[in-house]
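So you can see what is in the structure, the chains are spelled out below.
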Amino acid sequence: MSVKVLKFGGSSLADAEHFRKVAAIVKSEPERRYVVASAPGKRNADDEKVTDMLYKCYDLTRNDEDIDNVFICIKRRYEKIIKDLGLDLSLDKEFERIKMAILHHAGRDYIASRGEYLNAIVLANYLGFDFIDAEKGIFFCDDGSFDAEKTNRVLTDLLEKHEYAVIPGFYGSMPNGTIKTFTRGGSDFTGSVVARAARADLYENWTDVSGFLMADPRYVNDPKAIETITYKELRELSYMGATVLHEDAIFPVRVAGIPINIKNTNRPADRGTMIVKNAELSADDGLITGIAGKKGFSTIVLEKDMMNSELGFGKRVLEVLMNNGVSFEHLPSGIDTMSIIVSTDDIKDKKLAIAEEITRAVHPDYISIDDGIALIAVVGRNMVNGVGTAYRVFKAAADAGVNIKMIDQGSSELNIIIGVEEKDYQATLQGIYSEFVK
Ligand code: ADP
Ligand code: ASP
Ligand code: MG
């Protein structure tokens, strides 16, 4: 029998009504055997994610403040789901233990991880599946990086012992047994890891949209869903802010060649998006696959006559950034100019020092550091064949009255990245979308 691994996001497990939809989906096919659960997400726009409430508890205890108000809200969320589903399950003991741990200053990651831990217990109970704690099958190395090979070995053996199981997303354990989480949105990564270990035929990632859309629906009105996208394109888009899928989630399944299907829990009949290794190009595929963007960047602009012929110029500039723990995103350069795009968060509090060190290192004629830049990536495997894509991106921005501050085309011709002022972000996204999607 083929095996499918399913991951349900926070919005898909936010209340009893969604748990019912999830159960109907899981039970509709016997090969849907392993389910990865997120913590309960928002039930409406004003609601709070359980994960955020848990981080709040951690912050409160650090300041020796009372956690009772927040803690009781978390407990009630689970109790309401359990009651509405009519389950014979009590989490009282779990909550006692977790509260004790929080009051005894348990680690931030341990506290945050309890959101998925508890939700997976509830879901396993509701589905009649086994519960497998992620701490027993997902591992990190001493330096905090993910231990892919140990995880794959141990988790494969563990899954073989359970025909049907629910596994909490988002966390695993360190060699010393403490709990560590992935970065935010990390349950997508857990799903991918479980799919690889289960040697799954398909990794279904269930969320609240009918697939990966061509642009962020919060900025572009009613964007089309992407039918098929390659791992590479997806990586570009998710790195650049299309947050549907965690940016690292493709790695484990890519090794094993397992496709991902992004599906909508609220509209299970919709096809969603297939994420595959290679996609055939077809005549009716558009020139671009999708657009994504992120705010919060700064540019370091350097000018110096004859910069291009000065040996080691770039190396010395980048060394300054490296010594300050700053990595760069893009480095478009001309004959006498160089601009380096970095994350504003990475350089805040260090701007003056960085400017001084660069000045000492390469004596530029001019240096400036400006914040408030948004980056927008236009991504498409078909772009390599199309003539004039960059021109159309420029034209769309110009028609929207937007001044482009930077442009960078990836050497694989899979993407074009432009930098604009943050105030122009939405107008640029909309303009590019309308230019390419008629
Ligand atoms: P989950 O809780 O299921 O993990 P997320 O909130 O992490 O879901 O991701 C889904 C959300 O991502 C959508 O509701 C949407 O607001 C946002 N999003 C951003 N960019 C895109 C895009 N290109 N396509 C679809 N959704 C997008
Ligand atoms: N619950 C975690 C978060 O909010 C992980 C996830 O949802 O994937 O980031
Ligand atoms: Mg998510």
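Residues numbered from 1 in each chain as written. Chains lettered and ligands numbered in written order. Predicted model: local features only at pLDDT ≥ 70, side-chain atom pairs only at ≥ 80, totals over all residues. Heavy atoms only, no water.

1. Structural notes on the sheet that holds strand β1 (residues 4-8)
Threshold: Two strands pair if DSSP finds at least two bridges between them. Secondary structure counts use DSSP, requiring at least four H or I residues in a row for a helix and at least two E residues in a row for a strand, with both numbered from the N terminus. Between two residues, a contact is recorded if the distance between any of their heavy atoms is within 4.5 Å. Axes, fitted as lines to C-alpha atoms, cover a helix only where it is in contact. Angles between the N-to-C directions of the axes lie from 0 to 180 degrees.
With mixed pairing, eight strands are arranged side by side in an open sheet as β3-β4-β2-β1-β7-β9-β10-β8. Sheet topology places β3 (130-131) and β8 (228-230) at the edges, where each strand pairs with a single neighbour. Bridge count for β1 against strand β7 (residues 202-207) is five bridges, and the pairing is parallel. Within β7, the residue paired with L6 across the bridge is E204. Running at roughly 170° to β1, helix α1 (residues 16-27) makes contact with β1, β2 (32-37) and β7 of the sheet.

2. Considering the pattern of salt bridges
Applied cut-off: Any Lys or Arg side-chain nitrogen located within 4 Å of an Asp or Glu carboxyl oxygen qualifies as a salt bridge. Only protein chains enter the accessibility calculation, which uses a 1.4 Å probe; a residue whose area is less than 20% of its type maximum is buried, one above 50% is exposed, and one in between is partly exposed.
In the structure shown here, the tally under the stated rule is 31 salt bridges. One salt bridge in this structure joins D47 and R43, with 2.6 Å as the shortest N-O distance. Between E233 and R381 there is a salt bridge, and its shortest N-O distance comes to 2.8 Å. Note that E233 is positioned in helix α8 (residues 231-239) and R381 in the loop between β14 (366-379) and α13 (389-399), a separation of 148 residues in sequence. Side by side, E233 and R381 carry an identical accessibility label, which is buried. Each of K4, E29, R32 and E204 takes part in a single network of salt bridges with overlapping partners.

3. Looking at the site of ligand 2
Note the cut-off: If even one non-hydrogen atom of a residue comes within 4 Å of a molecule or strand, that residue is called near it. N or O atoms closer than or at 3.5 Å make up a polar contact, with two conditions inside protein: a donor-capable atom paired with an acceptor-capable one, and, for residues adjacent in sequence, both atoms drawn from side chains. The Shrake-Rupley method, run with a 1.4 Å probe sphere, supplies the accessible areas, and residue values consider only the shown protein chains as cover. Each residue gets one of three labels, nonpolar for Ala, Val, Leu, Ile, Met, Phe, Trp, Tyr, Cys and Pro, charged for Asp, Glu, Lys and Arg, and polar for the others, Gly among them.
Near ligand 2 the following residues occur: S38, T51, E116, F170, R184, G185, G186 and S187. Between ligand 2 and the protein, one listed contact pairs a nitrogen atom with a side-chain N or O atom of E116 at 3.1 Å. When isolated, ligand 2 has an accessible area of 260 Å², and the protein chains bury 91% of it. Of the residues that constitute the shell around ligand 2, the class distribution is one nonpolar, five polar and two charged.

4. Let's talk about helix α3 (residues 68-85)
We apply this condition: To estimate the expected span of a helix, subtract one from its residue number and multiply by 1.5 Å. What the arc covers is the set of directions going from the helix axis to the C-beta atoms.
Under the 1.5 Å per step criterion, the end-to-end length of α3 is 26 Å for 18 residues, consistent within 8% with the ideal 26 Å. Buried within α3 we find V70, F71, I74, K75, R77, Y78, I81, I82 and L85. Along α3, the residues classed as buried sweep out an arc of 140° about the axis, all on the same side. In α3, the exposed positions angled more than 90 degrees off the buried face are occupied by N69, R76 and K83.

5. Describing helix α5 (residues 108-127)
Because an α-helix completes one turn every 3.6 residues, residues spaced three or four positions apart along the sequence face the same direction. Between its first and last C-alpha atoms α5 spans 30 Å; for 20 residues at 1.5 Å apiece the expected length is 28 Å, and the two agree. In terms of burial, α5 is largely enclosed, as 15 of its 20 residues are buried. Looking at the residues trailing α5, positive phi occurs at G128, about 75°.

6. Regarding the pairing of strand β9 (residues 260-264)
Burial analysis of β9 places five of its five residues in the buried class, which makes it a mostly covered element. Here β9 shows a buried face lined by I260, I262 and N264 and a second buried face lined by N261 and K263. As paired strands, β9 and strand β10 (residues 273-276) are joined by three bridges and run antiparallel to one another. Of the residues in β10, the one forming a bridge with N261 is M274.

7. Remarks on the environment of M274
Structurally, M274 is set in strand β10. Considered as a pair, M274 and L202 are 72 residues apart in the sequence and their alpha carbons are 9.9 Å apart.

8. Details of the site of ligand 1
Taken together, 18 residues lie around ligand 1, and K7, G10, T207, D208 and L213 are the ones closest in. In the environment of ligand 1, an oxygen atom lies 2.7 Å from a nitrogen or oxygen atom belonging to the side chain of T207. The separation between an oxygen atom of ligand 1 and a polar side-chain atom of D208 is 2.8 Å. Considered class by class, the residues forming the shell around ligand 1 number eight nonpolar, six polar and four charged.

9. A few points about the pairing of β10
In this structure, β8 lies alongside β10, joined through three bridges in parallel fashion. The residue bridging T228 from the neighbouring strand is M274, located in β10.

10. Side note on the packing of helix α10 (residues 313-323) against helix α12 (residues 351-362)
Cut-off, in case you're wondering: Roughly parallel means an angle under 35 degrees; roughly antiparallel means over 145; roughly perpendicular covers 65 to 115; every other angle is labelled oblique. Note: crossing handedness is left-handed where the near helix turns anticlockwise from the far helix by less than a right angle, and right-handed where it turns clockwise.
Packing of α10 against α12 brings their axes to within 9 Å, and their N-to-C directions diverge by 150°. Considered as vectors, α10 and α12 are oriented roughly antiparallel to each other. When the axes of α10 and α12 are compared, the crossing they make is right-handed. The residues of α12 that touch α10, namely those facing F313, R316, V317, V320 and L321, are I354, E357, I358, A361 and V362. Along the lines of polarity and charge, the residues of the contact of α10 with α12 split into eight nonpolar, no polar and two charged.

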